[in-house]
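Given next are the chains, with one letter for each unit.
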Amino acid sequence: MTNFKHCFLKIAKIDSFLILSLLTGLIFCLYGITWGQVESWNPDDIAFLFFGKQSIFQSPGWFLKPPFHAYFNFLLSYAPLKLIEFIFNLPNNSLTSGFTALIWSRILTIILFLGSIGLLFQITKRFFGIFAARIITLVFASSAGVITYSHFLTADIPVVFWMLLAFYFSQNISFTGKIFDYILAGFFTGVATATKYNALAIGITIVVAHVLSFNQLAWKEILFSKKVFLGLIMILLGFLFANPFALLDYQTFLSDFWYNYVTTPIYEGKITGNSYGQFFVSFQELIGLPSFIIFFIAFLASLYLTLIKKDKPSYIKAIFLLLPVFLIYSYKFASFPRLETRFILPILPLWLIMSGPFWNQLKPNRILVLSLLIILLGYNTVSSFYVGKRFLEDPRMLAQIWVKKNIPEFSSIESTSYTPNWNALPQVKLKNQRFPKISGRKKIFEDIFKDNLFILRSIQRHESKVDNLNWYTLEALLKRNPEYIAINSLYYQRFLIKNSIVSLYPKINDFFYNLIKENYPYKIIFDRESDKPPSLIYPQNIDFLNNRMIIFARKGLRE
């Protein structure tokens, strides 16, 4: 009874604004959670890597993305659902595939997002007080660009959680310097890196926090501290704990890591230039233009108040701990010719936290702060509502329903990448054959890296060895003679509008052009395209969501 009372009192002490932030984030994450119904359509998803396909005790044999979130999801999603199947004697894979596995895996991602909200609140509160913590946490929890990633099963939301957890213990180091905090800061930095490689940047906070933990410069203690050495060693141990086959299958790991490091910045074929301008545009895509403008001003004002005016000396330690991570991260990723919004997401919370001194400066003017919050939260609320709405109105969701009602069982259908897996739907049985996937990267990389033997050899492993161009001809189509064809713009559009790919694959350009124009003996029987969101809503573009779904039937078949 005493323990229950203690827990109740602890929960009762949770700040009401934090509870509001958690509820806001939860509601928006749940809206649209059924996207895909039985599968996720983001090709970067990592969560299902070990679901019924491969033992977690074997090397994944693929390290372009670190696999920890796949292990995490397997242990907390697949394993419990498999146990329930066994206990209640349910049909094999009745829970571990399809709707149940999809929804529960997304709920796990949402839990990590809610954990990130809680950590953001606590970190900000300890640095700058509860007033700044409330404002920053409310804006983060309601930001439509962040909510978007909760619908995916990628490592993007999980890495935010593990990075913030690592930073929390680094923050402890700067306050108290206890050895336990060095161990946990290093361990969770390793776990974060095993979730997404770019998370390694958070490790710098262990060293910086160690220096800041001294009230005066004692160089011998700073440079030769066993505690900081232990913290750095724990990064490696945490990484290997979360990704053991990086050591056990180290040759594959090193090869894949280097291949990914070299090719990621130039996926689209652009090999020169940088993305420093795009770097800040990405923040706008995550939190919206009004929030970006205000927080950018707040960021600059906080640096002025802390580092130049030195308005409050206690804030200097906080800024010095936050700023190096932001500068290193932004310098590295903004130098890429190609920069995706998801690359910036992990650093967003730390950038928001640095606005704390500005909000405390405005604290006496409650009316101004309240006015700003009403604008920001109102805009975020509308935009976050549209995020869930856009996921639920994905043309592929409508196509799933349409196919189930209109295409007879055992009909033959050919489908491109990014179309639904029709036979994953209950009561749908089709002879489904997938188009051979041609990304376009193979020829681009072969041209860019023609003098790099390592990349050329790696291309053969990571891209299709031979592009099956003969598939994409009228003669081959007539020979296969499928009853139906399903194509999606996320795949075919690259061969119609991207000049670099169109010139490399003119045959595929001709194939899709003539198919869509109905110049081939197939006619369009289903055609849906994503509605454009209102021009003022953000984010305008959501990864792998805006698409056109077309289904063709052989002419004469349905007459």
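Just so you know, these numbers come straight off a predicted model, no measurement behind them. (Residues numbered from 1 in each chain as written. Predicted model: local features only at pLDDT ≥ 70, side-chain atom pairs only at ≥ 80, totals over all residues. Heavy atoms only, no water.)

Turning to the overall build of the chain, a few remarks are in order. When helices and strands are counted, the chain shows 28 helices and five strands. In terms of overall dimensions, the chain is globule-like: its C-alpha atoms have a radius of gyration of 26 Å, near the 24 Å expected for 559 residues. When the backbone C-alpha atoms are referred to their principal axes, the chain occupies close to 80 × 55 × 55 Å. Burial statistics for the chain: of 559 residues in total, 53% are counted as buried. Contacts spanning at least 24 positions in sequence make up 77% of the contacts within the chain whose residues lie at least 6 apart. Surface summary for the chain: the accessible area is close to 25600 Å², and the carbon and sulfur share equals 64%. Of note, the chain has its 54 positive side-chain charges centred 8 Å away from the centre of its 32 negative side-chain charges. (Helix = DSSP H or I, 4+ residues; strand = E, 2+ residues; numbered from the N terminus. Rg over C-alpha atoms; globule rule 2.2 N^0.38 Å. Buried < 20%, exposed > 50% of the residue type's maximum accessible area, 1.4 Å probe, protein only. Contact = heavy atoms within 4.5 Å. Areas by Shrake-Rupley, 256 points an atom, 1.4 Å probe, with all protein chains shown as cover. Lys, Arg positive; Asp, Glu negative; His and termini not counted. Charge placed at Lys NZ, Arg CZ, Asp CG, Glu CD.)

Positionally, Leu26 belongs in helix H2 (residues 16-30). Sequence-wise, Leu26 and Ile111 are 85 residues apart; in three dimensions their C-alpha atoms are separated by 8.6 Å. Here Leu26 is in contact with Ile110 and Leu114, once residues within four sequence places are set aside.

Further remarks concern the sheet that holds strand E5 (residues 548-554). Strands sit in the order E2-E1-E3-E5-E4 across an open sheet of five strands; the sheet is mixed. Here the strands that pair on one side only, and so sit at the sheet edges, are strand E2 (431-434) and strand E4 (522-529). For this sheet the average axis-to-axis angle between neighbouring strands, irrespective of direction, equals 20°. Relative to E4, helix H21 (residues 395-406) is tilted by about 135°, and along the sheet it contacts strand E3 (484-488), E4 and E5. (Pairing = 2+ DSSP bridges. Axes fitted to C-alpha atoms, helices over the stretch in contact; angles between N-to-C directions.)

Applying the stated criterion to the full structure yields 10 salt bridges. The shortest N-O distance in the salt bridge between Asp156 and Lys196 comes to 2.4 Å. Placement of the pair is Asp156 in helix H7 (residues 156-175) and Lys196 in the loop between helix H8 (179-195) and helix H9 (204-212), with a sequence separation of 40 residues. Across the pair, exposure class does not vary: Asp156 and Lys196 are buried alike. Measuring nitrogen to oxygen at the nearest pair gives 2.8 Å for the salt bridge that ties Asp394 to Arg396. For the pair formed by Asp394 and Arg396, the shared burial category is buried. (Salt bridge = Lys/Arg side-chain N within 4 Å of Asp/Glu carboxyl O.)

Our next topic: unusual backbone geometry. Geometrically, the link from Tyr538 to Pro539 is a cis peptide bond, its omega value of -10° lying close to zero. Here Pro539 shows up in the loop between E4 and E5. The backbone of Tyr418 shows a phi angle near 75°, a positive value even though the residue is not glycine. For Tyr418, the location among the structural elements is in the loop between strand E1 (412-415) and E2. Tyr418 gets classed as buried once you look at its relative accessible area, which sits at 13%. Positive phi, normally seen in glycine, also occurs at Glu518, with a value near 65°. Considering the arrangement of structural elements, one finds Glu518 in the loop between helix H28 (506-516) and E4. Exposure remark for Glu518: the relative accessible area of 31% places this residue in the partly exposed category.

Taken as a whole and assessed by the stated rule, the structure comprises 63 aromatic pairs. Taking 5.8 Å as the distance between ring centres and 65° as the angle between the ring planes, the aromatic pair formed by Trp35 and Phe152 counts as edge-to-face. Of this pair, Trp35 sits in the loop between H2 and helix H3 (68-87) while Phe152 sits in the loop between helix H6 (144-148) and H7, and the two are 117 residues apart along the sequence. The buried category is assigned to Phe152, whose relative accessible area is 1%. Their ring planes at 75° and their centres at 6.0 Å tell us that Tyr149 and Phe152 sit as a pair that is edge-to-face. On the basis of relative accessibility, which here comes to 5%, the residue Tyr149 falls in the buried class. (Phe/Tyr/Trp six-rings, centres within 6.5 Å; stacked < 30°, edge-to-face > 60°.)

Taken as a whole, the chain shows an average pLDDT of 90; of its residues, 93% reach a score of 70 or greater. Averaged over each element, pLDDT in the chain is lowest for helix H1 (residues 2-12) (50) and highest for E3 (98). (pLDDT = per-residue confidence, 0-100.)

A few words now on the nonpolar core. Ranked by size, the top nonpolar core spans 127 residues in total, and within it Leu348, Trp351 and Trp359 carry the most contacts. Here the element with the most residues in this core is helix H4 (residues 99-128); it accounts for 13 residues. In this view, Trp351 contacts Phe283, Ile287, Phe292, Phe295, Phe296, Phe299 and Phe326; residues no more than four positions away in its chain are not counted. Membership of the second largest hydrophobic core comes to 30 residues, among which are Tyr418, Ile501, Tyr520 and Ile550. (Core = buried A, V, L, I, M, F, W, Y, C linked by side-chain atoms within 4.5 Å.)

Glancing now at the packing of H7 against helix H16 (residues 314-334). The interhelical angle for the contact between H7 and H16, taken along N-to-C directions, is 140°, at an axis separation of 11 Å. Put simply, H7 runs oblique to H16. Pair H7 / H16 crosses with right-handed handedness. The segment H7 lies against H16, with Phe167, Ser170, Gln171 and Ser174 engaging Lys317, Leu321 and Leu322. (Parallel < 35°, antiparallel > 145°, perpendicular 65-115°, else oblique. Left-handed = near helix turned anticlockwise from the far one by under 90°.)

Right, let's talk about the environment of Pro533 for a bit. Structurally, Pro533 can be placed in the loop between E4 and E5. The buried category is assigned to Pro533, whose relative accessible area is 12%. Counting along the chain gives 144 residues from Pro533 to Lys389, while the straight-line C-alpha distance between them is 9.9 Å. Residues in contact with Pro533, not counting those within four places in the same chain, are Arg390 and Gln540.

Bringing a nonpolar patch on the surface into the picture now. Taken together, the side chains of Leu83, Ile84, Phe86, Ile87, Phe88 and Leu90 present a nonpolar region at the surface, about 640 Å² in accessible area. Mapped onto the elements, Leu83 comes out in helix H3. (Patch = residues over 30% accessible without salt bridge, like charges linked within 9 Å, V, L, I, M, F, W, Y side chains within 5 Å.)

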